[in-house]
Amino acid sequence: MSSPSSSLTSDQIRDRFIRFFERHQHTIVKASPVVPQHDPTLLFTNAGMNQFKDVFLGQGKRDYTRAVNSQVCVRVSGKHNDLEDVGLDTTHLTSFEMLGNWSFGDYYKAESIQWAWELLTQEFGLPGDKLYATVYKTDDDSAALWKKVTTINPDHVLFFGEKDNFWEMGEVGPCGPCSELHLDRGPEACDKPHLDHVCEVNGVCARYIELWNLVFIQFNRQPDGSLIELPEKHVDTGAGLERLVAVLQGTHSNYNTDLFTPIIQEIEKLTGKPYQEGPEGMPHRVLADHVRTISFGIADNVMPSNEGRGYVLRRLLRRALRYATKLGIQDPIVYRLVAPMVARLGHHFTSLKDRQAFIESVIHAEEIQFLKTLHAGVKLFEEVAQKVTSSHQTIISGEDAFKLYDTFGFPLDLTQVMAREQGLSVALSAFDQALNTQKTRSREAHKQSQKKSQQEVQFAQDTSAEALEMSSRLLSPTPPKIVPMGGEVRIVSTPSDRVGMARHHTGTHLLQAALREALGEHVHQAGSLVDVDRLRFDFTHFQAVSAEELSKIEARVNDVINANLPIETYETDLETAKSQGAMALFGEKYDDVVRVVKISEFSMELCVGTHVGKTQDIQRVKILAEAAIAAGTRRIEALAGTHNVQLYLDKVKAEQVASEAQRLAKEETQRQKEEKATKIAHELSGKMTESQTLIDLISDDDLDGGSGRLILEEVAKEFPQSTVVLGIVAQGKGYLAVRVGNPNLGHNAALMIKTMTQITGGGGGGKANFAQAGGADPTKLTQALEAVRTTL
């Protein structure tokens, strides 16, 4: 089917959708990050309605009743997980844009249906005779409205049941019937010609596709399963941009639209492999899809890691790299696809454009890390697969799959894909058992350290009444009225302790601001500990902070301290604080009234802790250490206050002095050993036989286990072709050492040591030219030496 609007770009299509509803008094609402802000039930935003969930639940309000936007949705986990299908066909994606319009107790079915029809047929020029509307089996109102307010063919209004046309947020809560618009793309769009079937709406083939879903939220599902009418009825609609663009640009493939072709063209350029529609094009499709989802995640501060959201990105990136190898690519490539993707989407999703360099850096670092083990892992998989097939089996053991996961970083789904390609499967229950066993070991190993960490965090909740009461100018003049989070915390401290706590707390704010200034705005607090004599700050960052960067960050913090900037604390509502630029803890839930700590124009954060009155009260900050605590998370430990810093510097100086003394003592001891070895070697040289063979026993308490080698090396300087066998008694312990200088004599030092230790006990080893042993019985050394003498 050729579309009258085939000349429209994806940008124009998105813009027309949004402007259409803006003309109908809808507020253009900014899209949410792909990480839900206040919904712990979701790993990623998976629908445009996520940010309005509180409205539908009756727990929140907006200052508008009509809304429209385009929301990036990620569907790679939970109920909505399309990962395994991505790349196999030309429609599935791990992320997509959902165009949506909403009514919160405002208009309802009639307007929703009329506008959807008007937009598709008049704005976008789709043929009305090819459109079908589905409604819930008891929703006669919607069926009647389709026939009344649109020009749809009455025979194209179809009834379906709960599976297709009833939407529910969960087992209980808001729900209601939905009405979907489907497009008949013609017989040529059927992708199941070999299957005995009838092409139909909600059928098994791709001829009829859903374009838009209109959800009418009018009921509240009760625990007993019954439905009651909501006091206010809402509308929640969603239309996938990629699918709409494909239709309007006259293609059956999302990957042939202008949203993907720039990326695929870059893949062709980098690999020299042309893109094809069939299975051969799967690597191109996987790469093009995954780079978008990975970039959206990183732009919203999700760092690749081994847990949660971070692991989703890591799985996608490693899956993409594996498919890149099918195109002959053995080097990092995904980061090179960011630029064409940003060129296409960056002007609308400005965070992609603003953070392009950062996104590329994170991806590149992650690619380098995985490529180190990818090839070894593929080799292991091939060995495992060969072992399975040669034994006429079809299942890769869970233990082998876990080894690929644990040792080589292969996500389970990647191993499953590789297995399917060879007609194999993976023993999932055994894999899960191995994974759970590892997790149990890990939990037990870290149980005590976790307990200690929790205690430290609890202590660091310096929001109790005592910690907030600072009688001096170091304290906020008006203590916040906010209830402390994390339970009651009782801190009993002296005034000097409070000052120390305040210095380190304000120092933490300065440190975070300096880190963001030096490293980038992706830096966010991931945890902290503030005590009276130290601070610990965990933050998101993808690589080690160099010594030079740390030095500059520390200098910047101390410059701000010396500038003696005023520190202001005040209360305001959450939205006002955010609009002013106040930083909040990511994923933290705040009350409606929050406390802002503002340090001039340098730092502004939401915080209920104790702080100094001006930056000079901190006196000084010293960074002690920086290290990784998890993938994508770094930790800095630091001190604040002149006294604390000086104590630390004095300690370091004392340790350096002690270390230097130890070094000198070790050097002196080594010098004495070498002198002793030289003296003994000189005495032994006088005993050397004409055949340059010497067997001798030495007793000297100034010697030790390393003396034998030193002595033999000294003898070798004068008699390099000699064979020397030594027994040494030192401080009641027995040692053996053998050196063979001339291999043509047939002597073997390792065999001689073996012969002697069979008599003396002890253990050791070496090579044909040198070997030694310790733990020998001193009383049996003479017997052992005589045994070797007889052999020689």
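Thresholds, definitions, all that
Residues numbered from 1 in each chain as written. Predicted model: local features only at pLDDT ≥ 70, side-chain atom pairs only at ≥ 80, totals over all residues. Heavy atoms only, no water. Helix = DSSP H or I, 4+ residues; strand = E, 2+ residues; numbered from the N terminus. Rg over C-alpha atoms; globule rule 2.2 N^0.38 Å. Buried < 20%, exposed > 50% of the residue type's maximum accessible area, 1.4 Å probe, protein only. Areas by Shrake-Rupley, 256 points an atom, 1.4 Å probe, with all protein chains shown as cover. Lys, Arg positive; Asp, Glu negative; His and termini not counted. Charge placed at Lys NZ, Arg CZ, Asp CG, Glu CD. Pairing = 2+ DSSP bridges. Axes fitted to C-alpha atoms, helices over the stretch in contact; angles between N-to-C directions. Contact = heavy atoms within 4.5 Å. Parallel < 35°, antiparallel > 145°, perpendicular 65-115°, else oblique. Nonpolar A, V, L, I, M, F, W, Y, C, P; charged D, E, K, R; others polar. Core = buried A, V, L, I, M, F, W, Y, C linked by side-chain atoms within 4.5 Å. Salt bridge = Lys/Arg side-chain N within 4 Å of Asp/Glu carboxyl O. Expected span 1.5 Å × (residues − 1). pLDDT = per-residue confidence, 0-100. Polar contact = N/O pair within 3.5 Å; in protein donor to acceptor, adjacent residues only side chain to side chain. Phe/Tyr/Trp six-rings, centres within 6.5 Å; stacked < 30°, edge-to-face > 60°.

(A) Representation of the overall build of the protein chain within the structure. What the protein chain contains, in helices and strands, is 24 helices and 25 strands. Over its C-alpha atoms the protein chain spans a radius of gyration of 36 Å, topping by over 25% the 28 Å that the globule rule assigns to 792 residues. A burial count over the protein chain gives 50% of its 792 residues as buried. Summed over all atoms, the accessible surface of the protein chain reaches about 37300 Å², with 49% contributed by carbon and sulfur. Treating the 85 positive side-chain charges of the protein chain as one cloud and the 104 negative ones as another, the clouds have centres 3 Å apart.

(B) Quick look at the sheet that holds strand E17 (residues 593-599). Reading across the sheet, the 3 strands line up as E16-E17-E18 and stay open at both edges, with antiparallel pairing between neighbours. Strands with a single pairing partner mark the edges of an open sheet, and in this sheet they are strand E16 (567-573) and strand E18 (603-606). For this sheet, the mean angle separating the axes of adjacent strands, direction not counted, is 25°.

(C) Examining the sheet that holds strand E15 (residues 535-540) more closely. One open sheet holds the 4 strands; their spatial order is E14-E15-E20-E19, and the pairing between them is antiparallel. This sheet does not close on itself; its edge strands, each paired only once, are strand E14 (525-530) and strand E19 (621-630). For this sheet the average axis-to-axis angle between neighbouring strands, irrespective of direction, equals 15°. Where E15 lies against strand E20 (residues 633-640), 6 bridges are found, and the strand directions are antiparallel. When the bridges of E20 are listed, Arg536 appears paired with Glu637. Where helix H21 (residues 642-685) meets the sheet, it contacts E19 and E20, and its direction lies at approximately 105° from that of E20.

(D) Expanded view of the packing of helix H9 (residues 308-325) against helix H14 (residues 412-421). Taken N-terminus to C-terminus, the directions of H9 and H14 make an angle of 30°; their axes are 10 Å apart at the nearest point. By the criterion of interaxial angle, the relationship of H9 to H14 is roughly parallel. Counted together, Arg315, Arg318, Arg319, Arg322 and Tyr323 of H9 and Asp413, Leu414, Val417, Met418 and Glu421 of H14 form the full contact between these two elements. Here the residues of the contact of H9 with H14 are counted per class, giving 4 nonpolar, no polar and 6 charged.

(E) View of the nonpolar core. Trp146, Trp212, Leu287, Ile298, Val334 and Leu352 are the most contacted members of the largest nonpolar core, which has 128 residues in total. Of the residues forming this core, the biggest block, 12 residues, is contributed by helix H12 (residues 356-390). If you look at the next biggest cluster of nonpolar residues, it comprises 29 residues, including Ala513, Leu515, Ile553 and Val560.

(F) Fine view of the pattern of salt bridges. Under the defined criterion, the tally for this structure stands at 41 salt bridges. Across the pair Glu22 and Arg19 runs a salt bridge whose closest N-O atoms are separated by 2.9 Å. Placement of both Glu22 and Arg19 in helix H1 (residues 10-23) is noted, with a separation of 3 residues, approximately one turn of the helix. Given a relative accessible area of 37%, Glu22 falls into the partly exposed group. A salt bridge links Glu714 to Lys717; the shortest N-O distance between them is 2.8 Å. Highlighted residues: Glu714 and Lys717, both in helix H22 (residues 707-718), separated by 3 residues, approximately one helical turn. Residue Glu714 is classed as partly exposed on the basis of its relative accessible area, which comes to 24%. Look at Lys717 and you get exposed, because its relative accessible area is 64%.

(G) Expanded view of H22. Compared with the 16 Å implied by 1.5 Å per residue over 12 residues, the 18 Å span of H22 between its first and last C-alpha is a close match. All buried positions along H22 are accounted for by Ser707, Gly708, Leu710, Ile711, Leu712, Val715 and Ala716. Turning to H22, the residues buried within the fold contact H21, strand E21 (693-699), strand E22 (723-730), strand E23 (733-740) and strand E25 (770-776).

(H) Inspection of the confidence of the model for the protein chain at higher detail. Residues at a pLDDT of 70 or more form 91% of the protein chain, whose mean pLDDT is 87. Ranking the elements of the protein chain by mean pLDDT puts helix H17 (residues 465-468) last, at 36, and strand E6 (residues 131-136) first, at 98. A low-confidence stretch, residues 1-5 (pLDDT under 50), is modelled with 16 contacts involving residues beyond four sequence positions or located in other chains. Contacts of residues 483-494 to residues separated by more than four positions or lying in other chains number 17 contacts, the stretch itself having pLDDT below 50.

(I) Structural context of the environment of His26. With respect to the helices, strands and loops of the structure, His26 is situated in the loop between H1 and strand E1 (27-28). Put simply, His26 and Tyr108 are 82 residues apart on the chain and 14 Å apart in space, counted from C-alpha to C-alpha. If near-sequence neighbours (up to four positions away) are discounted, His26 is found in contact with Phe21, Arg66, Ala67, Val68, Asn101, Trp102, Tyr107 and Trp115. A distance of 3.0 Å separates a polar atom in the side chain of His26 from the backbone oxygen of His24.

(J) Geometry of unusual backbone geometry. Phi at His392 is positive, roughly 60°, even though this residue is not glycine. Note on His392: relative accessible area 73%, which makes it exposed. For Ser600, which is not a glycine, the phi torsion comes out positive at approximately 50°. In this structure, Ser600 sits in the loop between E17 and E18.

(K) Structural view of the pairing of E20. The buried count for E20 comes to 6 of 8 residues, which makes it a mostly enclosed element. In terms of strand pairing, E19 meets E20 through 8 bridges, oriented antiparallel. Each bridged residue has a counterpart across the sheet, and for Ala628 the counterpart in E20 is Arg634.

(L) Summary view of the packing of aromatic side chains. Across all of its chains, the model carries 22 aromatic pairs by this definition. For the ring pair Phe20 and Phe21, a centre distance of 5.1 Å and an interplane angle of 85° mean the geometry is edge-to-face. As far as burial versus exposure is concerned, Phe20 and Phe21 are alike and both buried. Ring geometry for Phe56 versus Phe104: centroids 5.9 Å apart, planes at 55°, classification tilted.

(M) Representation of helix H6 (residues 241-248) in the model. Counting buried positions along H6 yields 7 of 8 residues, so the element is predominantly enclosed. A positive backbone phi angle near 70° is found at Gly250, which sits one or two residues after H6.

(N) Main features of the packing of helix H8 (residues 282-299) against helix H10 (residues 338-345). For the pair H8 and H10, interaxial distance at closest approach is 10 Å and the crossing angle is 75°. Judged by the angle between their axes, H8 and H10 are roughly perpendicular. Facing H8, whose interface residues are Val291, Arg292, Ser295 and Phe296, H10 presents Val338, Met341 and Leu345. Taken together, the residues of the contact of H8 with H10 sort by class into 5 nonpolar, 1 polar and 1 charged.

(O) Highlighting the side chain of His156. Structurally, His156 is set in the loop between helix H4 (140-149) and strand E7 (157-160). Ignoring sequence-local partners within four residues, the contact set of His156 consists of Asp129, Leu131, Tyr132 and Ala133.

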